[in-house]
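Results of the structural survey
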Amino acid sequence: MAILSVGKTVLGEGLPKIIVPLMGTTTEELVKEINEVKSLKPDIVEWRVDVYEHVDQIDTVQEMISTLRSVLSDELLLFTFRSHKEGGNKEVPVSYYVELLQAAIRTKKIDLVDVELFTGEAYVKELVETAEENGVYVIMSNHDFEKTPSKQEIITRLYKMQELGAHIPKIAVMPKSVKDVMTLLEATNTMKTEYADRPIITISMGGTGLISRLAGECFGSAATFGAGNQVSAPGQIPVPELRRALKILHKYQ
């Protein structure tokens, strides 16, 4: 699996990178939360803008990006609007989703942007092009909060993201059994060893899938999500505990 350097952060090499979400709903909450999250020393801070009360005001969103950027120095900033159909907080027309992401990208104050695979191929290509024009990296994603698809389907989706220009393909699925977790991990390993030419992120959610957040490096996942003030998906654990586990597994691999 190839590595990817974004600023000073290298994905696909060394410890899996820790991503911590910002989940504040108001400007005041976010200003407080960003300082608390920064103290955890994450590699990447993800702003989940779909929970922000002013998400329908693009100018205000851009101002908040500037505020977050002013606090973050070594940490990368990932801009994410999680769609309602993939577990997000707010339902918006796809046209607004695209407009919002383009506006965030064009600030040139974010390092990465989350683009959902099933937004529509033409829209995805447009967003990837805008990101590349503005020096922003694309994490292309898919989330299934209901089930774990087959191994082949997981690989197919990750490979499709790669074909569409994702710098980092990402998939998160919900297990109903330990076998489902094994399916996700097997798909990750196969994608890494046979198809991936860039870092990938894979997650099995919930308590059953916790092992994928801790030992993802062993199978080929380049990053994992830890909890700051709030979790953004089931199964995230506090950053200090996550970092200790990652270091132990990395040391003895």
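Residues numbered from 1 in each chain as written. Predicted model: local features only at pLDDT ≥ 70, side-chain atom pairs only at ≥ 80, totals over all residues. Heavy atoms only, no water.

For the protein, an unreviewed UniProt entry supplies the name 3-dehydroquinate dehydratase and the organism Niallia oryzisoli. As stated in UniProt under Pathway (unreviewed entry), the record for the protein gives "Metabolic intermediate biosynthesis; chorismate biosynthesis; chorismate from D-erythrose 4-phosphate and phosphoenolpyruvate: step 3/7." Comment text from UniProt for the protein, heading Catalytic activity (unreviewed entry), reads "3-dehydroquinate = 3-dehydroshikimate + H2O". (UniProt positions renumbered as here; feature names shortened; annotations may be inferred.)

A few words on the UniProt feature "active site" (unreviewed entry) in the protein. As recorded in UniProt, the sites labelled "active site" (unreviewed entry) are His143 and Lys170. Despite a sequence span of 28 residues, these residues sit close together in the fold, their greatest C-alpha distance being 8.6 Å. Inspection of the secondary structure assignment puts His143 in strand S7 (residues 137-144). Beyond its immediate stretch of four places on either side in the chain, His143 contacts Arg82, Glu86, Lys170 and Ala172. For Lys170, the location among the structural elements is in strand S8 (residues 168-173). Residue Lys170 is classed as buried on the basis of its relative accessible area of 5%. Sequence-distant contacts of Lys170, that is, excluding residues within four places in its chain, are made with Arg82, Ile139, Met140, Ser141, Asn142, His143, Leu158, Met161, Ile201, Ile203 and Phe225. (Helix = DSSP H or I, 4+ residues; strand = E, 2+ residues; numbered from the N terminus. Contact = heavy atoms within 4.5 Å. Buried < 20%, exposed > 50% of the residue type's maximum accessible area, 1.4 Å probe, protein only.)

Taken as a whole, this structure holds two cavities of 30 Å³ or more when the rule is applied. Along its surface, the second largest cavity is lined by Pro16, Ser212, Arg213, Leu214, Gly216, Glu217, Ser221, Ala223, Thr224 and Leu246. Breaking the lining of the second largest cavity down by element, the ones donating at least two residues are helix H7 (210-219) and strand S10 (223-225). In terms of residue class, the lining of the second largest cavity is made up of four nonpolar, four polar and two charged. (1 Å grid on protein atoms, 1.4 Å probe; cavity = no way out; pocket = protein on both sides within 12 Å on 5 of 7 lines; lining within 4 Å. Points joined across faces, edges and corners; volume = space filled by probe spheres on them. Nonpolar A, V, L, I, M, F, W, Y, C, P; charged D, E, K, R; others polar.)

In this structure, Met182 sits in helix H6 (residues 178-195). Separated by 15 residues in the primary sequence, Met182 and Asp197 have C-alpha atoms spaced 23 Å apart.

Before going further, it helps to spend a moment on the packing of helix H1 (residues 27-38) against helix H2 (residues 58-71). Helix packing geometry: the angle between the two helix axes and the distance between the axes. Relative to each other, H1 and H2 sit at 25 degrees, their axes nearing to 10 Å. With respect to H2, the element H1 is oriented roughly parallel. Judged by the sense of rotation from one axis to the other, the crossing of H1 with H2 is right-handed. When H1 is examined against H2, the residues Thr27, Leu30, Val31, Ile34, Asn35 and Lys38 are found in contact with a partner set consisting of Met64, Thr67, Leu68 and Val71. Residues belonging to the contact of H1 with H2 are distributed by class as follows: six nonpolar, three polar and one charged. (Axes fitted to C-alpha atoms, helices over the stretch in contact; angles between N-to-C directions. Parallel < 35°, antiparallel > 145°, perpendicular 65-115°, else oblique. Left-handed = near helix turned anticlockwise from the far one by under 90°.)

Before going further, it helps to spend a moment on the UniProt feature "binding site: 3-dehydroquinate" (unreviewed entry) in the protein. Using the residue numbers shown here, the UniProt feature "binding site: 3-dehydroquinate" (unreviewed entry) corresponds to Glu46, Trp47, Arg48, Arg82, Arg213, Ser232 and Gln236. Checking the annotated residues one by one, the ones that line the second largest cavity turn out to be Arg213. Along the chain, Arg82 falls in the loop between strand S5 (76-80) and helix H3 (94-106). By relative accessible area, Arg82 is classed as buried at 4%. Apart from residues lying up to four places away in sequence, Arg82 is in contact with Glu46, Arg48, Asp50, Gly87, Gly88, Asn89, Lys90, Asp114, Glu116, Ser141, His143 and Lys170.

Looking now at the nonpolar core. By size, the foremost hydrophobic cluster in this structure holds 60 residues, and its most contacted members are Trp47, Val49, Phe79, Leu100, Ile110, Val113 and Met140. By residue number, the principal contributor to this core is H3, which donates eight residues. When neighbours within four sequence positions are excluded, Trp47 is seen to be in contact with Leu22, Leu30, Tyr52, Val61, Met64, Ile65, Leu68, Leu78, Phe79 and Thr80. (Core = buried A, V, L, I, M, F, W, Y, C linked by side-chain atoms within 4.5 Å.)

All right, on to the packing of helix H5 (residues 151-163) against H6 then. Their axes nearest at 9 Å, the elements H5 and H6 cross at an angle of 45 degrees. Taken together, the axes of H5 and H6 lie oblique to each other. Crossing of H5 against H6: the hand is right-handed. Across the interface between the two elements, Lys151, Ile154, Ile155, Leu158, Tyr159 and Gln162 of H5 pack against Thr183, Leu184, Glu186, Ala187, Thr190, Met191 and Tyr195 of H6.

This part is about helix H4 (residues 121-133). Along its 13 residues, H4 runs 18 Å from first to last C-alpha, staying within 8% of the 18 Å computed at 1.5 Å per residue. For H4, the set of buried residues is Val124, Leu127, Val128, Thr130 and Ala131. Buried residues of H4 fall within an arc of 165 degrees about the axis and therefore sit on the same side. Turned more than 90 degrees from where H4 packs its buried face, Ala122 and Glu133 sit exposed. Contact partners of the buried residues in H4: H3, strand S6 (112-116) and S7. At the exit of H4 stands Gly135, carrying a positive phi of roughly 70 degrees. (Expected span 1.5 Å × (residues − 1). Arc of directions from axis to C-beta.)

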